[in-house]
Amino acid sequence: MKFSIQKDRFAQSVQDVLKAISSRTTIPILTGIKIDATEEGIKLTGSDSDISIESFIPQEEEGKALVDIQQTGSIVLNARFFNEIVKKLPSEKAEIEVISSFQTVIRSGQAEFSLNGLDPDEYPHLPQIEEGEVFKLPTDLLKALIRQTVFAVSASETRPILTGVNWKIEEGQLVCIATDSHRLAWRKAAVETDFNAEYNVVIPGKSLNELSKILDDSQEPVEIVITDNQVLFRAKHLLFYSRLLEGNYPDTSRLIPTDSKTKLELNTKEFLQAIDRASLLAREGRNNVVKLSMIDENLIEISSNSPEIGKVTEQVRSREIEGEEIKISFSAKYMMDALKVLEGTEINIQFTGAMRPFVIRPENDDSILQLILPVRTY
């Protein structure tokens, strides 16, 4: 195998596939990046058996030559060292040549590295996904869906299914739900499909986080293919495979209250900053709890009290307050996480009682909601 390639583009592709490679893998060959040089261009693959990422660099793009292939072939190289080498190569071009028994030489400018490679035939094959039903989402929308839900997945492995985001597709609508059983994030969006497929799958939160980091902020559509145990995201020159989590996601629809006893309308930024200030004294210890109580028809009070440190109170003006008086306590962190992903300057919060979950929505937008369970304080 022998080819020369434009360095910057190569380094970017190496960075992308590196996101799938885990340092904790028990399979030695998976610590490497697989490089395939074909007549069409260069294909790089990284995998940790949960996530696999394939990045392709064509011979030329928009009339600009990116790769010059002298001899086709494959090799697997240690990902960590190879990434560092490629990033720091001195010249605009890099040349890679496999000489005898997987010994690989990397040349650029006056620098020459020699790396011991591994046998590419031992590298596991990527999942074979049948080209069946494909649906599409614009890249920026896909990134928004991930950002607005994935933070609420569970960090604990006691219920593995909750470490993923539930994706449900029916009647051209995609609904994404994440919960760690103390809070819930819900977001829906229309998807482009040519068929009436219905899916109900759980994608690991870790996979979605990595996918989001690789995708650019374009309007380009990402194609998504779901099978029994894998999901494939296909963007331009990039394939991202993830395994799906096994098991049934709990039915969360019952958790979301349909009626409310108290309704607040608040400015998102003002409210977020007040919660942030109140949480300054709540961070000590594990509670991180702030209290919200109503003072009169358009004022609420946010307060926090740590016996050993001190207390804070702040009044926030509400555009509108309807319904019964409420005093409720909740995690400041959960509230701030929820507010940061809600798009819009005004939010509605609906309470159904001091010990019942409450719902936060942007004004005039029913495609997203956040639900938080209050904290019992005596």
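Residues numbered from 1 in each chain as written. Predicted model: local features only at pLDDT ≥ 70, side-chain atom pairs only at ≥ 80, totals over all residues. Heavy atoms only, no water.

Notes on the pattern of salt bridges
Opposite charge on two side chains allows them to pair when their charged atoms are near. In this structure the tally under the stated criterion is 20 salt bridges. Salt bridges here are not isolated pairs; linked through shared partners, they connect E95, E97, R107 and E112. (Salt bridge = Lys/Arg side-chain N within 4 Å of Asp/Glu carboxyl O.)

Some remarks on helix 6 (residues 332-341)
The buried fraction of helix 6 is high, at eight of 10 residues. For helix 6, the full list of buried residues reads A332, Y334, M335, M336, D337, A338, L339 and V341. A distance of 3.3 Å separates the backbone nitrogen of K333 from a side-chain oxygen at the start of helix 6, and that oxygen is part of S331. (Buried < 20%, exposed > 50% of the residue type's maximum accessible area, 1.4 Å probe, protein only. Helix = DSSP H or I, 4+ residues; strand = E, 2+ residues; numbered from the N terminus. Polar contact = N/O pair within 3.5 Å; in protein donor to acceptor, adjacent residues only side chain to side chain.)

Side note on the pairing of strand 1 (residues 2-6)
The pairing of strand 1 with strand 9 (residues 93-98) spans five bridges and is classified as antiparallel. In the sheet register, Q6 faces strand 9, and the bridge partner there is K93. Where strand 1 meets strand 7 (residues 67-71), four bridges bridge the pair, whose relative direction is antiparallel. The residue bridging F3 from the neighbouring strand is I69, located in strand 7. (Pairing = 2+ DSSP bridges.)

Let's talk about the confidence of the model for the protein
Parts of the model with low pLDDT should not have their predicted coordinates read in detail. Of all residues in the protein, 98% have pLDDT values of 70 or greater, and the mean over the chain is 93. In the model of the protein, strand 16 (residues 192-193) stands out as the element of lowest mean pLDDT, 81, in contrast to strand 2 (residues 32-37), which has the highest, 98. (pLDDT = per-residue confidence, 0-100.)

Observations concerning the sheet that holds strand 2
Judged by pairing direction, the sheet is antiparallel, and its nine strands sit side by side in the order 8-2-3-4-20-19-18-12-16 without closing on themselves. If you trace the sheet from one side to the other, it starts and ends with strand 8 (73-78) and strand 16, each paired once. Summarising the sheet, strand 2 and strand 3 (residues 41-47) pair through four bridges and their orientation is antiparallel. Opposite K34, over in strand 3, you have T45 as the bridge partner.

Some points on helix 2 (residues 79-87)
Residues of helix 2 that are buried include every one of A79, F82, N83, I85 and V86, and no others. Considered in projection along helix 2, the buried side chains sweep an arc of 165° and stay on one side of the axis. Where helix 2 is buried, its residues meet helix 1 (7-18), strand 2, strand 8, strand 9, strand 10 (103-108) and strand 11 (111-116). Where helix 2 begins, the side chain of N78 points an oxygen toward the backbone nitrogen of R80, at a separation of 3.0 Å. (Arc of directions from axis to C-beta. Contact = heavy atoms within 4.5 Å.)

Some words on the side chain of S329
Along the polypeptide, S329 turns up in strand 26 (residues 327-331). According to the relative accessible area criterion, S329 is buried, its value standing at 4%.

Some remarks on the side chain of T104
Secondary-structure assignment places T104 in strand 10. Side-chain polar atoms of T104 contact the backbone oxygen of F102, separated by 3.2 Å.

Comments concerning the packing of helix 5 (residues 268-279) against helix 6
Two elements in contact, helix 5 and helix 6, have axes whose closest approach is 10 Å; the angle formed by their N-to-C orientations is 155°. Relative to helix 6, helix 5 is oriented roughly antiparallel. Between helix 5 and helix 6 lies a crossing whose hand is left-handed. In contact with T268, F271, L272, I275, D276 and S279 of helix 5, helix 6 contributes A332, M335, M336, L339 and K340. Taken together, the residues of the contact of helix 5 with helix 6 sort by class into seven nonpolar, two polar and two charged. (Axes fitted to C-alpha atoms, helices over the stretch in contact; angles between N-to-C directions. Parallel < 35°, antiparallel > 145°, perpendicular 65-115°, else oblique. Left-handed = near helix turned anticlockwise from the far one by under 90°. Nonpolar A, V, L, I, M, F, W, Y, C, P; charged D, E, K, R; others polar.)

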